[in-house]
Amino acid sequence: MSNQSLWKAPKSPFLVPDDGKFSIADARTEPKHRADKDELKAALEGQVEEIRDLQRKLYADDTHAVLFVFQAMDAAGKDGTIRAVFTGVNPAGFQVFSFGVPSKEELDHDFMWRVARRLPERGRIGVFNRSHYEEVVIARVHPRILDNQRLPRIDEKHVWQERYESIRDFEKHLARNGTVIVKFFLNVSRDQQKRRLLRRIDDPKRNWKFNPGDVDERERWSDYMEAYEGAINATSRSWAPWHVIPADDKPYMRVQVATIIRETLESLGLRFPEVDEETRAALGACRARLEEQ
């Protein structure tokens, strides 16, 4: 199957091309223009309503699976965005998985295994809150993680390029077989992350969300940016694209994410199944029987 026959992402101002020239330093963390909060709220509600309707068609059409991957630095707003965008979506056709520290069982398999077993079925939307990209971001920032994976060999010079290749092959295989993959990097600034982490400390209702380890990770900010830039450039393809969304303004960010999700679903040409004449006649007979009962 040629690349031209694969699903291709709709155009978006936040779409990362596959030319390897994406610079995270040049990517915005704030919107170009401030929008009214009420307007953003109304826009999000409109997008969410359309996503609900499209998800019903996706489920009935039963041809594509759709996977949305969310990656970001801590406090960028992944959880809240997933919750806001998919509010009201039918749980029967929707599933979310979060990936934290790998379990012993997961470490006894290759690094793609734990996400492969959580992929959405045809007709369903799957969401990964963190994903296989942790293995080329966190593991790159903290390479000692590889020691716990008991790999038969580690080529330190080429390990990340090899993993990028594995991810590209994996995602292209899925695309060839009907899984549409769209990846979001919620791009929060270091200053905005600091403000949000401080709120988690200062607000008793938010204390539970604070992880002291986040302070340690902030000290490696430049390393994380380098790792994300490398991963995004190496794996953004038209059939499995990255979108880098400004995340300092949460209402704005959620509208942009919802818009891309809606446009992705619309691009699939979803429709409710049509019945043939024989089936239609059988339905008519059932209707007549029901009216008589």
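That block above? That's the structure.
Attention here is on the structure that accompanies the text. (Residues numbered from 1 in each chain as written. Predicted model: local features only at pLDDT ≥ 70, side-chain atom pairs only at ≥ 80, totals over all residues. Heavy atoms only, no water.)

1. Here we look at the side chain of serine 12
Turning to step 1, where the next piece is worked out: Position of serine 12 relative to the elements: it lies in the segment before α1 (37-61).
Turning to step 2, where the next piece is worked out: Once you skip the residues sitting within four places of it in the chain, serine 12 turns out to touch His243 and Ile260. (Helix = DSSP H or I, 4+ residues; strand = E, 2+ residues; numbered from the N terminus. Contact = heavy atoms within 4.5 Å.)

2. Describing empty space enclosed by the protein
Turning to step 1, where the next piece is worked out: Within this structure, the stated rule accounts for one cavity of 30 Å³ or more.
Turning to step 2, where the next piece is worked out: Here the largest cavity defines a volume of roughly 40 Å³.
Turning to step 3, where the next piece is worked out: Looking at the lining of the largest cavity, the element that brings in the most residues is helix α10 (residues 250-266), giving three residues.
Turning to step 4, where the next piece is worked out: Of the residues assigned to the lining of the largest cavity, the class counts are three nonpolar, three polar and two charged. (1 Å grid on protein atoms, 1.4 Å probe; cavity = no way out; pocket = protein on both sides within 12 Å on 5 of 7 lines; lining within 4 Å. Points joined across faces, edges and corners; volume = space filled by probe spheres on them. Nonpolar A, V, L, I, M, F, W, Y, C, P; charged D, E, K, R; others polar.)

3. So, the packing of aromatic side chains
Turning to step 1, where the next piece is worked out: Scanning the model with the defined rule gives seven aromatic pairs in all.
Turning to step 2, where the next piece is worked out: Ring geometry for tyrosine 133 and tryptophan 242: centres 4.8 Å apart, planes at 75 degrees, overall edge-to-face. Of the two residues, tyrosine 133 is situated in the loop between β3 (125-129) and α5 (134-141) and tryptophan 242 in strand β5 (residues 242-246); the sequence distance between them amounts to 109 residues. Each of the two residues, tyrosine 133 as well as tryptophan 242, counts as buried. (Phe/Tyr/Trp six-rings, centres within 6.5 Å; stacked < 30°, edge-to-face > 60°. Buried < 20%, exposed > 50% of the residue type's maximum accessible area, 1.4 Å probe, protein only.)

4. Brief notes about the layout of surface pockets
Turning to step 1, where the next piece is worked out: Roughly 1200 Å³ of volume is contained in the largest pocket.
Turning to step 2, where the next piece is worked out: In this structure, the largest pocket is lined by 43 residues; those nearest its centre are Asp74, Lys78, Arg130, Asn211 and Asp214.
Turning to step 3, where the next piece is worked out: When residues of the lining of the largest pocket are traced back to their parent elements, those giving at least two are α2 (78-85), α5, α7 (190-202), α8 (213-218), α9 (221-235) and α10.
Turning to step 4, where the next piece is worked out: Examining the composition of the lining of the largest pocket, we find that five residues originate from one element, α2, more than from any other.
Turning to step 5, where the next piece is worked out: Its residues placed into classes, the lining of the largest pocket shows 16 nonpolar, 10 polar and 17 charged.
Turning to step 6, where the next piece is worked out: For the second largest pocket, the calculated volume is near 330 Å³.
Turning to step 7, where the next piece is worked out: Lining the second largest pocket are 18 residues, and of these Asp110, Phe111, Gln149, Leu151 and Arg163 lie nearest its centre.
Turning to step 8, where the next piece is worked out: For the lining of the second largest pocket, the secondary-structure elements that each account for two or more residues are α3 (104-107) and α6 (159-176).
Turning to step 9, where the next piece is worked out: Considering every element that reaches the lining of the second largest pocket, the biggest residue donor is α6, with four residues.
Turning to step 10, where the next piece is worked out: When its residues are assigned to classes, the lining of the second largest pocket shows seven nonpolar, three polar and eight charged.

5. Remarks on the sheet that holds β5
Turning to step 1, where the next piece is worked out: With respect to topology, five strands assemble into an open sheet ordered β2-β3-β1-β4-β5, the strand pairing being parallel. Looking at strand neighbours, the two that pair on one side only are β2 (94-98) and β5, the edges of this open sheet. Averaged over all pairs of adjacent strands, the angle between strand axes in this sheet comes to 20 degrees, irrespective of strand direction.
Turning to step 2, where the next piece is worked out: Of the strands in this sheet, β1 (65-72), β2, β3 and β4 (179-187) are in contact with α2, which crosses β1 at around 150 degrees. (Pairing = 2+ DSSP bridges. Axes fitted to C-alpha atoms, helices over the stretch in contact; angles between N-to-C directions.)

6. A word on unusual backbone geometry
Turning to step 1, where the next piece is worked out: Located in the positive-phi region is alanine 75, a residue other than glycine, with phi close to 75 degrees.
Turning to step 2, where the next piece is worked out: Tracing the backbone through its elements, the reader meets alanine 75 in the loop between β1 and α2.
Turning to step 3, where the next piece is worked out: The class for alanine 75 is buried, based on a relative accessible area of 8%.

7. Some details on the packing of α1 against α10
Turning to step 1, where the next piece is worked out: Between α1 and α10, the least distance of the axes is 9 Å, while the angle of their chain directions is 25 degrees. It follows that α1 is roughly parallel to α10 by the angle criterion. Two packed elements cross with a definite hand, and for α1 against α10 that hand is left-handed. Across the interface between the two elements, Leu40, Ala43, Leu44, Gln47, Glu50, Ile51, Leu54 and Leu58 from α1 touch Pro251, Tyr252, Arg254, Val255, Ala258, Thr259, Ile261, Arg262, Leu265 and Glu266 from α10.
Turning to step 2, where the next piece is worked out: Looking at the contact of α1 with α10 residue by residue, the class counts come to 12 nonpolar, two polar and four charged. (Parallel < 35°, antiparallel > 145°, perpendicular 65-115°, else oblique. Left-handed = near helix turned anticlockwise from the far one by under 90°.)

All we've got here are geometric facts, nothing functional implied.
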